[in-house]
Amino acid sequence: MKQTCGIECCQARTGRAQRNHIGLAISTWIDKYLRKVNEKISFYQQDWEVIKSGISRSMRAILTA
């Protein structure tokens, strides 16, 4: 869970912000896990889909400018 959750990436200083980050990271992990089970797609494939769509959106913006 630590590898795919992103909890260690928190740069917050206050305890409340750290707790919020941890709660949201765990909530996101649960959503990703449910998608993994339902769609039979790995965590890394899910991440790649997000990156791929961001790259294509950026390339489209560059080419139309």
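Criteria and thresholds
Residues numbered from 1 in each chain as written. Predicted model: local features only at pLDDT ≥ 70, side-chain atom pairs only at ≥ 80, totals over all residues. Heavy atoms only, no water. Salt bridge = Lys/Arg side-chain N within 4 Å of Asp/Glu carboxyl O. Helix = DSSP H or I, 4+ residues; strand = E, 2+ residues; numbered from the N terminus. Buried < 20%, exposed > 50% of the residue type's maximum accessible area, 1.4 Å probe, protein only. Phe/Tyr/Trp six-rings, centres within 6.5 Å; stacked < 30°, edge-to-face > 60°.

Where an unreviewed UniProt entry is consulted, the chain appears under the name Transposase, with the organism given as Piscirickettsia litoralis.

A. Up close: the pattern of salt bridges. Taken as a whole and assessed by the stated rule, the structure comprises three salt bridges. Note that K32 is salt-bridged to D47, the shortest N-O span being 2.6 Å. With a gap of 15 residues between them, K32 in helix 2 (residues 15-39) and D47 in helix 3 (residues 43-64) connect regions that are remote in the sequence. You can call K32 buried: its relative accessible area is 14%. The exposure class assigned to D47 is partly exposed, which follows from its relative accessible area of 35%. Notably, a salt bridge pairs R35 with E39, separated by 3.1 Å at the nearest N-O pair. Here the residue R35 and the residue E39 both occupy positions in helix 2, the gap between them amounting to four residues, near one helical turn.

B. Structural detail: the packing of aromatic side chains. In this structure the tally under the stated criterion is two aromatic pairs. When the centroid spacing of 5.4 Å and the interplanar angle of 15 degrees are considered together, the rings of W29 and Y33 count as stacked. Taken together, the residues span about one helical turn, with W29 and Y33 both in helix 2 at a distance of four residues. Y33 gets classed as partly exposed once you look at its relative accessible area, which sits at 38%. Measuring from ring centre to ring centre gives 5.9 Å for W29 and F43, while their planes differ by 35 degrees; the resulting arrangement is tilted. With a gap of 14 residues between them, W29 in helix 2 and F43 in helix 3 connect regions that are remote in the sequence. Within the aromatic cluster, the residues linked to one another by ring pairs are W29, Y33 and F43.

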